[in-house]
Amino acid sequence: IAQWGLWYVITCHLAAGELSGTAWYYLFLRTVLMGFCLSEFLAMSGMFSGPALGNINPPFPYAWYRYKVGTIKEPFFACLGDTRNVFDVVLACGFPPMLLYLILHPNAGAVTWLWPTGVWLFFITDFSTYVGMLGSWFGPVSVIYAVSEAGDGAGFISAMQLLLVMVWFGCGLGNMGPWF
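Quantities reported herein were computed from a predicted structural model and do not represent experimental measurements. (Residues numbered from 1 in each chain as written. Predicted model: local features only at pLDDT ≥ 70, side-chain atom pairs only at ≥ 80, totals over all residues. Heavy atoms only, no water.)

## A word on the side chain of Thr125
With respect to the secondary-structure elements, Thr125 resides in helix H4 (residues 114-125). What Thr125 contacts, discounting residues up to four positions off in sequence, is Lys73, Pro75, Leu80, Phe87, Asp88 and Leu91. (Helix = DSSP H or I, 4+ residues; strand = E, 2+ residues; numbered from the N terminus. Contact = heavy atoms within 4.5 Å.)

As structure tokens, then:
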């Protein structure tokens, strides 16, 4: 609830009373999705981490490994090695400031392509980080937002509806398996 409140306050500040209706909702949805992507990347709302689960010192132990060269990673391609290198650490260090910039600058336009670029780079170079930050959700959502902001915004609602149908359909298929 606290995160929703934070993203609401940020959206109200960015809109400054100039937006209403669909434009305000679009900005709020954009802020919430980018904000939750940031909090998932920092392991503040998932990854079985945080003070609520007894992790006090450090409070988010699993996220710190992303910032250390030589720690274990799981790349999508085995040829990329199984330990983090300087590129992985630079990518992990650059991702939160980039998302903060995009959250605070809603008219970023084509610069919004940094969001899906970062998410998909994690998919290729550090699959465990991609999974931990819910990349299977934020990957497609980030591409939809980047395409709509770089262009004229046409097809945004249809693309989001298609994404939701795919998620619900995938969940349904998962529930049909022999494991339930």
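What follows picks up the thread again.
## Quick look at the environment of Gly135
For Gly135, the location among the structural elements is in helix H6 (residues 135-150). Between the C-alpha atom of Gly135 and that of Phe122, which follows or precedes it by 13 residues, the distance is 8.4 Å.

## Some thoughts on helix H2 (residues 22-41)
Over its 20 residues, H2 runs 28 Å from end to end, which matches the ideal 28 Å to within 8%, given 1.5 Å per residue. Counting buried positions along H2 yields 15 of 20 residues, so the element is predominantly enclosed. The first or second residue beyond H2 is Ala43, which carries a positive phi of 60°. (Expected span 1.5 Å × (residues − 1). Buried < 20%, exposed > 50% of the residue type's maximum accessible area, 1.4 Å probe, protein only.)

## A look at the pattern of salt bridges
Oppositely charged side chains are able to pair whenever their charged atoms sit close together. Counting across every chain of the model gives two salt bridges. Ionic pairing is found between Lys73 and Asp88, a salt bridge with its closest N-O pair at 2.7 Å. Taken as a pair, Lys73 in the loop between H2 and helix H3 (86-104) and Asp88 in helix H3 lie far apart in primary sequence, 15 residues in all. On the accessibility criterion, Lys73 (5% relative accessible area) is buried. For Asp88, a relative accessible area of 4% translates into the label buried. (Salt bridge = Lys/Arg side-chain N within 4 Å of Asp/Glu carboxyl O.)

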